[in-house]
Amino acid sequence: MNQVVAIPSDPTGAAGKVNLLDFDRQGLRDFFTQIGEKPYRAEQVMKWIYHHLEDDFGKMTDVGKALRAKLEATCYVGPPKTLFEKAAQDGTHKWLLGMDGGSAVEAVYIPEPTRGTLCVSSQIGCGLNCQFCSTATQGFNRNLSTAEVIGQMWVAAKYLGNVTHQNRRITNVVMMGMGEPLLNFDNVVKAMSLMRDDLGFGLASKRVTLSTAGLVPMIDKLSESIDVSLAVSLHAANDELRTELVPLNKRYPIAELMAACQRWLARRARTSITFEYTLMKGVNDQPEHARQLIKLMRRMPTCKVNLIPFNPFPGTRFERSGADDIRAFQTQLLNAGVLTMLRRTRGDDIDAACGQLKGQVLDRTRRQAEFRKRLEGGVAHAS
Ligand code: SAH
């Protein structure tokens, strides 16, 4: 759901200094030890960064003056810069965020009556080439750093006036933006540990979800590394069709993927996996496809299916399934006892829905004009 645009600048503007957003709690403690400070000071600073969303060391009032000066001289709190932000009719909000090296990605916030979900990117572009995803058409640029992943949440939280613990605006995070999070394993795990940490954003494991196209060995590694929720992008329940839609299936076919999912479930009590299934007209939305999916889900009784109506983008050969087919598909699954949700399409008037980036990327000139306006002091607000 995100995009890359070329921006002629270093968005952090802090070359040479250490970005504290790159550290999880242990990393920050180690760093403080390295600079001759007590590790508990790191935790004090962490609270300022993630609870108070403070990036100015001068305002960290319970941190001693000498340490504040030392931090100012050698470090910075460097979230990505907001190039512009935009709100949709339905309250969905997206930010275009500038990253080091001249690219930008989007983060999207989706408010619902009982929760607020932030969709976060893990890579600039993606190398997996899933046929129905517009990120694939952009190729792969690079992995995002830890700071660039957690920084997306920091920026959104600050903008939304997020409060940790009570009345938080961002109650859930999904790693469902641009990129394959398991191919940027270390940085994504560190960022998710900051999302989970009480001194970070303090979200429960059920509320931080990593979505993968199915990198089997990394699913096992993730299971051993951190307690978060797992979503698997399935999109087809037979190998022939899945390989066509998600080429990674050739390497890790459905049986191997399901075995990894079983291992994931075996390690955790009372846990579930969400299987994402994007519905494309005449491709994977027929009763026979539902039957195949039901058969697969029989061995996953605690799991659920999340149906996503395909979001079209310019140049795609796929179409969204018709409303009747979507309803019939869901009913068939529900009647077979498969817990099945239908994801409502959100933010499509600002191209913030899953997989809607290509159109924006084609329009590079306008983005760069917006960026220049912002550099010149204008407020680059696109809505
Ligand atoms: N690489 C990870 C995360 C990024 S994609 C993964 O594959 O899970 C996150 C979700 O966006 C995927 O489940 C996919 O179903 C969905 N998606 C991508 N393009 C889409 C499109 N055009 N319409 C609807 N959903 C799409």
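These lines cover the structure that appears in this document, whether it is placed above or below. Sequence positions are assigned chain by chain, starting from 1 and proceeding in written order. Owing to the predicted nature of the model, reporting of local features is limited to residues with pLDDT of at least 70; listing and counting of side-chain atom pairs is limited to 80 or more, with chain, interface and lining totals taken over all residues. By convention in this description, side-chain values take in all heavy atoms of the structure and omit both hydrogens and water.

In DSSP terms, a helix is any run of H or I states spanning at least four residues, a strand is any run of E spanning at least two, and both are numbered starting from the N terminus. When you go through the protein residue by residue, the secondary structure sums to 12 helices and 14 strands. Only protein chains enter the area calculation, which uses a 1.4 Å probe; residues under 20% of their type maximum are buried, those over 50% are exposed, and those in between are partly exposed. Looking at the 383 residues of the protein, the share that counts as buried comes to 56%. By sequence separation, contacts in the protein at least 24 residues apart represent 69% of the contacts at least 6 residues apart. In short, Shrake-Rupley with a 1.4 Å probe defines the accessible areas, and a residue's cover is counted only from the protein chains shown. Of the roughly 16300 Å² of accessible surface on the protein, a fraction of 50% belongs to carbon and sulfur atoms. Contacts are residue-level and defined by heavy atoms, with any inter-residue pair within 4.5 Å sufficient.

In terms of strand pairing, strand β3 (residues 81–87) meets strand β4 (residues 93–98) through 6 bridges, oriented antiparallel. For Lys86, the partnering residue across the bridge sits in β4 and is Lys94. Adjacent in sequence and paired antiparallel, β3 and β4 are bridged by 5 residues, among which Gly91 carries a positive phi angle near 95°. Think of it this way: DSSP has to see at least two bridges between two strands before they count as a pair.

With that out of the way, let us pick up empty space enclosed by the protein. Of the two site types, the cavity is a set of points on a 1 Å grid over the protein atoms alone where a 1.4 Å probe fits but cannot get out, and the pocket is an open set with protein on both sides within 12 Å along at least five of seven lines, each lined by residues with an atom within 4 Å of a point. Grid points are joined across faces, edges and corners, and a volume is the space filled by probe spheres set on the points. Taken as a whole, this structure holds 1 cavity of 30 Å³ or more when the rule is applied. Each pocket or cavity is described by its volume, and for the largest cavity that value is around 500 Å³. Along the walls of the largest cavity sit 32 residues, with Phe132, Cys133, Met176, Gly177 and Ser233 positioned nearest its centre. Contributing elements (two or more residues each) for the lining of the largest cavity: β10 (208–212), β12 (273–279) and β13 (304–309). Classifying every residue of the lining of the largest cavity gives 18 nonpolar, 11 polar and 3 charged. Three classes are used: nonpolar for Ala, Val, Leu, Ile, Met, Phe, Trp, Tyr, Cys and Pro, charged for Asp, Glu, Lys and Arg, and polar for all others, with Gly counted as polar.

Now for the nonpolar core. Nonpolar side chains in soluble globular proteins generally cluster together in the buried interior. Residues grouped as a nonpolar core are buried Ala, Val, Leu, Ile, Met, Phe, Trp, Tyr and Cys residues, joined through side-chain atoms within 4.5 Å. Within the largest apolar cluster, 104 residues are counted, with the highest numbers of intra-cluster contacts made by Met192, Leu222 and Phe275. If you tally residues by element for this core, the top one is helix α4 (residues 146–160), at 9 residues. When residues are assigned to domains, this core turns out to be shared by domain 1 (19–76) and domain 2 (81–376), each giving three or more. Among all residues touching Leu222, those that are not within four sequence positions of it are Leu182, Phe185, Val189, Met192, Leu210, Val228, Leu230, Trp264 and Arg268. Membership of the second largest hydrophobic core comes to 6 residues, among which are Ile110, Cys119, Val174 and Met176. Domain extents, as shown, originate in an automatic or database domain assignment.

Time to look at the packing of helix α9 (residues 287–298) against helix α10 (residues 323–335). Axis definition: a line fitted to C-alpha atoms, limited for helices to the stretch in contact. Angles are taken between N-to-C directions and run from 0 to 180 degrees. Remark: α9 packs on α10, axes separated minimally by 10 Å, with the N-to-C direction vectors making an angle of 30°. Relative to α10, the element α9 lies roughly parallel. Crossing of α9 against α10: the hand is right-handed. Within the contact between the two elements, α9 uses Pro287, His289, Ala290, Arg291, Leu293 and Ile294 and α10 uses Phe329, Gln332 and Leu333. Here the residues of the contact of α9 with α10 sort into 6 nonpolar, 2 polar and 1 charged. Orientation is classified from the angle alone, with under 35 degrees giving roughly parallel, over 145 giving roughly antiparallel, 65 to 115 giving roughly perpendicular, and any other angle giving oblique. Handedness of a crossing follows from how the near helix is turned relative to the far one, being left-handed for an anticlockwise turn of less than a right angle and right-handed for a clockwise one.

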